[in-house]
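# Structural overview
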Amino acid sequence: MDPALFVENLSFSYGRLKAVQGISFHLNPGEILGFLGPNGAGKSTTIKMLTGLLTPDTGSIQILGMKMSLDNPEVQARIGVCFEEKNLYMNMTGRENLKFFSRLFGLKYCDVDTLLRRVDLAHRADDRVSMYSKGMRQRLMMARAIINSPDVLFLDEPTDGLDPVSSRTIRNIIREQAVRGAAVLLTTHDMWEADELSDRVAFLNEGKLYVVDTPDSLKMKYGRRSVKIRLGGGNQVREEIIELGAADAGDRIRELINSDNVMTIHTEEATLEDIFIEITGRGLDV
Amino acid sequence: MSIRRVWSLISGDLRLGFRSPIILWLLIMPFVITFLLQVVFVALFDPEPRICIYDSEESDISLALEVVEGIRLSRAESPAELKEYIENNNADLGLVIEDGFCQAVRDGQKPELKYFFSGGSLASNRIVISLIVLDVLREIENMETPVDVVLQTGDEEETIALARKLIPAIVLLVLIITGIFVPAFMLVEEKEHGTMRALLVTPVTVSDILFSKALLGFTMTVTMCFITLALNGALSGQPLALLATIVAGTVVCNAIGLIYGTLAGNAKTLYTLVKSLNILLAGPILFYLFTGLPQWIAKIFPTYWFIDPLYSITLKGAAFPEVSFKLAVALGIGILLCITVVPLSRRMQRKLAE
């Protein structure tokens, strides 16, 4: 299978500040790649280069086998972008915004109503966007990003600062798009979201790409394979950690469960944040 | 560049434009300026002398005054009504013609003639009317006037009324405000609201955006210029020359608008640019209003090359061949300015992404 997005040795500097330093990765159709990194790691700069807004200092970007550039409408017609900043036409209604963009994509028919229903905005379709809440605007931006059924979808912090309901709607749409076959590149500093949505995650810090792998593989590689069992007896509560690799691990777990003193059992696998810190030496919320 | 995408952008701008107070103001501006011009320069500074007469017997004097050109005559039904007319400043001067007045004049009795005037009337108008009345009385008395007054116009420039002289200035104002401000403002709004980025990640290119703003600005400006000329009664018998002049002027102004729009990152910077530089563009107007100034200086301004033809066509009836050279220069300036937009648009694109 040819990758939907192929990036090789991409670099960009703002003056003397090296924002992105020689990153390479690929993204397959139907795959969600989570770009994890703290603020200033280079995630947004990478998205700007991938969407053609910035011209890289070095490296190449191929989308669906075509070279990416801002003056290549053929590529732009097949991508969808949802920015972190809210950039809608505030004096247009939600419906007008979507219809306007559908015309720019040259779509002969666009079922705007279905799209508005999908992002729970059908009841406010004819209100001006200036009257929308933050969550509603973000949902409308998501609808706009998928209006052309893109083959590659770029999402820059799509759920940042949103209420749980709006976040869930957006996450569901991301999954649907991947199931449809779109390659999704998602930047976030929310490791829980990345873990839940991403088929693979990429760790970006200070413009460098440290690792690209599946969350499970990273957890296996960097996390502890152990179980923490809390036991209660009388007024005393004690914890026992059993390494899963140990020869007698199964017997010991069974023994404890049969003791009737088990209060809780937790797996002790590492979170993506733990792994990120271990690999980059820096936290995600910095 | 794609015509379909440009048209889609224009249709979006049209929808947004009619919801923008600034664009709406630009659309009604020619009407407001024309109205102000009529009030200030025609009704206030250039009114005809007004005389009100009470004449119970329809004497020869009132009949003679009726045919005099250049004054506005009204009649009162009674001396009280005439007084009211004067008090309300509806006439500069009032005249009560007593019964038998004209006969008394003919008989050489030198009857008394009373003028009533309002404090609000212009002294010049009172003098004009007084002289006209005395002239009429001489005719009634069958006296020869001591001299024949022949009206001779002076320098052609000087005989054009100030209100008419200002017509090219109003058109220039429309050109500057609509022609420059519409494309510039629309570009800056797209940048300020981040929608330009949203457009650039669709198949729309920077050229599509710039061309759509320029085309909308061009159409609006040409239309508003012709509306302004029509409102001021200045649509001459030279439609080709007039159209060519307006088109050349609009091209120059639209190109300047695109330069402003690509340079300014936000509305505040745009207003600063407009306020500081537009005064330079309006410079040639000073040379038409004050003809004593060295006229060659006007040629330094890029706007001179279409304002001068506009002045010649609307006020002097010049034909296309007479203004074609200046229009070609104006068009050349417009093309040069358009070329300048290309590197500025690349700079804008970089700034947008950073």
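Calculation notes
For every chain, the first residue of the written sequence is number 1, and numbering continues from 1 onward in sequence order. In the order they appear in the text, chains get letters beginning with A and ligands get numbers beginning with 1. Owing to the predicted nature of the model, reporting of local features is limited to residues with pLDDT of at least 70; listing and counting of side-chain atom pairs is limited to 80 or more, with chain, interface and lining totals taken over all residues. Working from all heavy atoms in the structure, the side-chain values ignore hydrogens and water. Working definition: with a 1.4 Å probe on protein chains only, accessible area under 20% of the residue-type maximum means buried, over 50% means exposed, and in between means partly exposed. Runs of E in the DSSP output that reach at least two residues are strands. Runs of H or I that reach at least four are helices, and both are numbered from the N terminus. As used here, the arc is the angular range of directions from the helix axis to the C-beta atoms. In this description, contact between two residues means that some pair of their heavy atoms is separated by no more than 4.5 Å. Patch definition: residues with relative accessible area over 30% and no salt bridge; like charges joined within 9 Å; nonpolar side chains (Val, Leu, Ile, Met, Phe, Trp, Tyr) joined within 5 Å. For every accessible area listed, the method is Shrake-Rupley and the probe measures 1.4 Å; residues are considered covered only by the protein chains on display. Salt-bridge detection follows one rule: a side-chain nitrogen of Lys or Arg within 4 Å of a carboxyl oxygen of Asp or Glu. By definition, the buried area sums, over both parts, the 1.4 Å-probe accessible area that each loses when the two are put together. Any pair of N or O atoms that falls within 3.5 Å is considered a polar contact. Within protein, one atom must be able to donate a hydrogen and the other to accept it, and sequence-neighbouring residues count only if both atoms are side-chain atoms. The classification used treats Ala, Val, Leu, Ile, Met, Phe, Trp, Tyr, Cys and Pro as nonpolar, Asp, Glu, Lys and Arg as charged, and all other residues, Gly among them, as polar. These domain limits were set by an automatic method or by a database of domain assignments. Any two strands between which DSSP finds at least two bridges are classified as paired. To get an axis, fit a line to the C-alpha atoms, keeping to the stretch in contact for a helix; angles then go from 0 to 180 degrees between the N-to-C directions. Any two cysteine sulfur atoms lying within 2.5 Å of each other are counted as a disulfide. Should an angle fall under 35 degrees it is taken as roughly parallel, and over 145 as roughly antiparallel, whereas 65 to 115 is taken as roughly perpendicular and any remaining angle as oblique.

### Focus: helix 9 (residues 249-258) of chain A
All names here are of chain A. Within helix 9, the full set of buried residues consists of Ala-249, Ile-253 and Leu-256. Each buried residue of helix 9 sits inside an arc of 65° when the element is viewed along its axis, so together they form one side. Each element contacted by the buried residues of helix 9 is listed here: strand 11 (226-233), strand 12 (236-243) and strand 13 (262-267). Following helix 9 by one or two positions, Asp-260 adopts a phi angle in the positive range, close to 65°.

### Comments concerning a nonpolar patch on the surface
A cluster of nonpolar side chains, Trp7(B), Leu14(B), Phe18(B) and Leu24(B), forms an exposed patch at the surface whose accessible area comes to about 420 Å². By the element assignment, Phe18(B) lies in the loop between helix 1 (3-17) and helix 2 (21-44).

### Some details on the interface of chain B and chain A
Taken together, the 26 residues of chain B in the interface contact 30 residues of chain A. Between chain B and chain A lies a buried interface of about 2,600 Å² when both sides are counted; carbon and sulfur atoms form 64% of it. At the junction of chain B and chain A, the tally comes to 1 salt bridge. Linking Arg197(B) and Glu85(A) is a salt bridge whose minimum nitrogen-to-oxygen distance equals 2.9 Å. Where chain B touches chain A, the interface holds 4 residue pairs in polar contact (both at pLDDT 80 or more). Of all the elements in the fold, those that place two or more residues in the side of chain B that touches chain A are helix 1, helix 10 (195-200) and helix 16 (320-353) of chain B. The biggest single contributor to the side of chain B that touches chain A is helix 1 of chain B, with 8 residues. For the side of chain B that touches chain A, the residue count by class is 10 nonpolar, 9 polar and 7 charged.

### Looking at the domain arrangement of chain B
Domains assigned within chain B are domain 1 (3-41 + 161-353) and domain 2 (48-155). Just the C-alpha atoms count here: the centres of domain 1 of chain B and domain 2 of chain B sit 50 Å apart.

### Here we look at the sheet that holds strand 3 (residues 93-97) of chain B
All names here are of chain B. Strand order in the open sheet formed by 4 strands is 2-1-3-4, with mixed pairing between adjacent strands. At either end of the open sheet lies a strand with only one pairing partner, and these are strand 2 (72-75) and strand 4 (115-117). Along the sheet, successive strands turn relative to each other by an average axial angle of 25°, direction set aside. Two strands pair when backbone bridges link them, and strand 1 (residues 50-55) and strand 3 are joined in this way by 5 bridges, in the parallel orientation. Bridge pairing in strand 3 links Tyr-54 to Val-96. In this fold helix 6 (residues 123-140) packs onto strand 1, strand 3 and strand 4, with an angle of close to 25° to the strand it touches most, strand 3.

### Describing the pattern of salt bridges
The final tally for this structure, using the stated rule, is 23 salt bridges over all chains. The salt bridge partner of Asp126(A) is Arg95(A), with a shortest N-O separation of 2.8 Å. Here Asp126(A) is found in the loop between helix 4 (112-118) and helix 5 (134-145), whereas its partner Arg95(A) is found in helix 3 (residues 94-104), with 31 residues between them in sequence. The shortest N-O distance in the salt bridge between Glu190(B) and Lys213(B) comes to 2.8 Å. Of this pair, Glu190(B) sits in helix 9 (residues 167-192) while Lys213(B) is found in helix 11 (residues 206-231), placing the two residues 23 residues apart along the sequence. The pair formed by Glu190(B) and Lys213(B) is uniform in burial state, with each residue classed as buried. One network of salt bridges, with partners in common, ties together Arg171(A), Arg175(A), Glu193(A) and Glu196(A).

### Points about the state of the cysteines
Residues and elements named next belong to chain B. With the rule as written, the count across this model stands at 0 disulfides over all chains. The thiol of Cys-52 is not disulfide-bonded; the next cysteine sulfur, from Cys-102, is found 17 Å away. Look at Cys-52 and you get buried, because its relative accessible area is 0%. This cysteine, Cys-253, is not joined by any disulfide, and Cys-225 carries the nearest cysteine sulfur, 8.0 Å off.

### A closer look at the packing of helix 5 of chain A against helix 6 (residues 164-180) of chain A
Residue and element names in this part refer to chain A. With their axes 10 Å apart at the nearest point, helix 5 and helix 6 run at an angle of 10° to one another. Relative to helix 6, the element helix 5 lies roughly parallel. Where helix 5 abuts helix 6, its residues Gly-135, Gln-138, Arg-139 and Met-142 lie against Ser-166, Thr-169, Ile-170, Ile-173 and Ile-174. Partitioning the contact of helix 5 with helix 6 into residue classes produces 4 nonpolar, 4 polar and 1 charged.

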